[in-house]
Amino acid sequence: MTIAVTGAAGHLGRLTITALRARGIAAGDIVAIVRDAAKAADLAADGVQVRVADYADAAALREALAGVDKLLLISGSEVGQRLPQHTNIIDAAKAGGVAFIAYTSILRAATSPLILAGEHKATEELLAASGIEHTLLRNGWYWENYDNSVTAAAATGALFGSAGTGRVAGAARKDFAEAAAAVLTTEGHAGAVYELGGQRLTYADLAEVLSGIVGVPVTYKDLPKEEYATILENAGVPAQFAAVLADSDAGIAVGALDTDSGDLERLIGRPATPAAEAIGA
């Protein structure tokens, strides 16, 4: 059985390959699909098949997916371009006879109000229409998303956001990677929709976690979405992405990134990593 991972040179891709190897998959049975072979030289040195294909290059994707049995489609990072990119990958998988796809979506994609959710929902619909057996890995927020908050918290004694009293069900990237590896290496997941999240924290709770990390009291400062976006822009975040991040925080306020499903812990067979262990690690 050959298992391919797209975006394999990224954080989640690499962690998934590590998790696959830990589950006994031989390096030679793993295909790492990357944009730049140089960034995966270490994977190639370990015996992983490294194949170069950009998400936008349909022909290269067809070549990269030749002979692949199962595919982890890690969603693209270019917001606004992901649907055509994912279409290319799914079409290439169908042409190449890939039997199964696991897709990294977002929590509650079908009904989520988040800007980020639209392309995920559309990709899920593409998979449903493809005829390929698939599983939806609706990932929650990575605790590592808050790494940049550590420096700001140490400097200002505050965590800024627009999440109100809503909870975010987060986990470490390695947790989501292990869940993906479990789905790819065991049976009975075709057609499943997994809502994946771990520890459920409000931003006030996160401020307490940051206090423990930076060693000074940190309080949560709740702001209107537009004001928070402006703060992000002033900190150097591009305007479009700042708007997406602020929108995501507003989604947290209404429960869009919360789940108590327990799916993640069942898949990985252990408790999810708490925020205090993952943020700034």
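Cut-offs applied
Residues numbered from 1 in each chain as written. Predicted model: local features only at pLDDT ≥ 70, side-chain atom pairs only at ≥ 80, totals over all residues. Heavy atoms only, no water. Helix = DSSP H or I, 4+ residues; strand = E, 2+ residues; numbered from the N terminus. Buried < 20%, exposed > 50% of the residue type's maximum accessible area, 1.4 Å probe, protein only. Areas by Shrake-Rupley, 256 points an atom, 1.4 Å probe, with all protein chains shown as cover. Lys, Arg positive; Asp, Glu negative; His and termini not counted. Charge placed at Lys NZ, Arg CZ, Asp CG, Glu CD. Salt bridge = Lys/Arg side-chain N within 4 Å of Asp/Glu carboxyl O. Contact = heavy atoms within 4.5 Å. Polar contact = N/O pair within 3.5 Å; in protein donor to acceptor, adjacent residues only side chain to side chain. UniProt positions renumbered as here; feature names shortened; annotations may be inferred. Expected span 1.5 Å × (residues − 1). Pairing = 2+ DSSP bridges. Axes fitted to C-alpha atoms, helices over the stretch in contact; angles between N-to-C directions. Parallel < 35°, antiparallel > 145°, perpendicular 65-115°, else oblique. Left-handed = near helix turned anticlockwise from the far one by under 90°.

- As annotated in an unreviewed UniProt entry, the protein chain is NAD(P)H dehydrogenase (Quinone) from Rhodococcus rhodochrous J3.

## What to know about the overall build of the protein chain
- Helix and strand content of the protein chain: 12 helices and 11 strands.
- Dimensions of the protein chain, computed from the C-alpha atoms along their principal axes, are close to 55 × 35 × 30 Å.
- Classification of the 281 residues of the protein chain by burial places 52% in the buried group.
- Accessible surface, the protein chain: about 11800 Å² in total, of which carbon and sulfur atoms supply 52%.
- Charged side chains in the protein chain number 21 positive and 33 negative. The centres of these two groups are separated by 3 Å.

## Side note on the pattern of salt bridges
- A full pass over the atoms with the stated rule returns 13 salt bridges.
- A salt bridge links Glu 187 to Lys 70; the shortest N-O distance between them is 3.9 Å. Here Glu 187, found in the loop between α7 (173-185) and β9 (193-196), pairs with Lys 70, found in strand β4 (residues 70-73); they are 117 residues apart in sequence, far enough to count as distant.
- The exposed category is assigned to Glu 187, whose relative accessible area is 69%.
- On the basis of relative accessibility, which here comes to 11%, the residue Lys 70 falls in the buried class.
- Put simply, Arg 35, Asp 54 and Glu 78 are held in one network by salt bridges that share partners.

## Some details on the environment of Thr 185
- Relative to the helices and strands, Thr 185 resides in helix α7.
- C-alpha of Thr 185 to C-alpha of Arg 21: the two residues are 164 residues apart in sequence and 10 Å apart in space.
- Excluding its chain neighbours within four sequence positions, the residues that come into contact with Thr 185 are Ile 3, Leu 20, Arg 23 and Ile 25.
- One polar contact links Thr 185 to Arg 23, side chain to side chain, over a distance of 3.4 Å.

## Structural notes on the UniProt feature "domain: NmrA-like" (unreviewed entry) in the protein chain
- Mapped onto this structure's residue numbering, the UniProt feature "domain: NmrA-like" (unreviewed entry) falls at residues 2-246.
- Note that residues 2-246 is 43% helix and 21% strand, and that its end C-alpha atoms are spaced 40 Å apart.

## A look at helix α5 (residues 117-130)
- Over its 14 residues, α5 extends 20 Å from the first C-alpha to the last, a length consistent with the 20 Å expected when each residue adds 1.5 Å.
- Turning to α5, its buried residues are Ala 117, Glu 119, His 120, Ala 122, Thr 123, Glu 124, Leu 127 and Ser 130.
- Phi turns positive one or two residues past the end of α5, at Gly 131, with a value near 85 degrees.

## Here's the deal with α7
- Over its 13 residues, α7 extends 18 Å from the first C-alpha to the last, a length consistent with the 18 Å expected when each residue adds 1.5 Å.
- Taken across its 13 residues, α7 has 10 buried, putting it largely inside the fold.

## Section: the environment of Ala 172
- Mapped onto the elements, Ala 172 comes out in the loop between β8 (167-170) and α7.
- Ala 172 has contacts with Trp 143, Glu 144, Thr 273 and Ala 278, leaving out every residue within four places of it along the chain.

## Brief notes about the sheet that holds β4
- Taken together, the 7 strands give an open sheet; going across it, the order is β3-β2-β1-β4-β5-β6-β9, and neighbouring strands pair in parallel fashion. Both edges of this open sheet fall to β3 (49-52) and β9, since each of them pairs with a single strand only. Taking the axes of each pair of neighbouring strands and ignoring which way they run, one obtains an average angle of 20 degrees across the sheet.
- Across the face of the sheet, helix α1 (residues 11-22) comes into contact with β1 (3-6), β2 (30-34), β4, β5 (100-106) and β6 (133-139) while running at roughly 160 degrees to β1.
- This element, helix α4 (residues 82-96), spans β1, β4 and β5 of the sheet and lies at about 180 degrees to β4.

## Some points on unusual backbone geometry
- One non-glycine residue, Arg 108, adopts positive backbone phi at about 55 degrees.
- Among the structural elements, Arg 108 can be located in the loop between β5 and α5.
- According to the relative accessible area criterion, Arg 108 is partly exposed, its value standing at 36%.

## Describing the side chain of Glu 144
- With respect to the secondary-structure elements, Glu 144 resides in the loop between β6 and α6 (147-156).
- Arg 173 provides the closest opposite charge to the buried, unpaired Glu 144, separated from it by 4.5 Å.
- Only 3.2 Å separates the side chain of Glu 144 from the backbone nitrogen of Arg 173, close enough to count as a polar contact.
- For Glu 144, the contacting residues outside a window of four places in its chain are Ala 171, Ala 172, Arg 173 and Ala 278.

## Brief notes about the packing of α1 against α7
- Direction vectors running N to C along α1 and α7 enclose 50 degrees, while the axes themselves pass 8 Å from each other. The angle between α1 and α7 places the two elements in the oblique class. At the point where α1 passes α7, the crossing takes the right-handed sense. Contact residues: α1 offers His 11, Leu 12, Leu 15, Thr 16, Ala 19 and Leu 20, while α7 offers Arg 173, Lys 174, Phe 176, Ala 177, Glu 178, Ala 180, Ala 181, Leu 184 and Thr 185.

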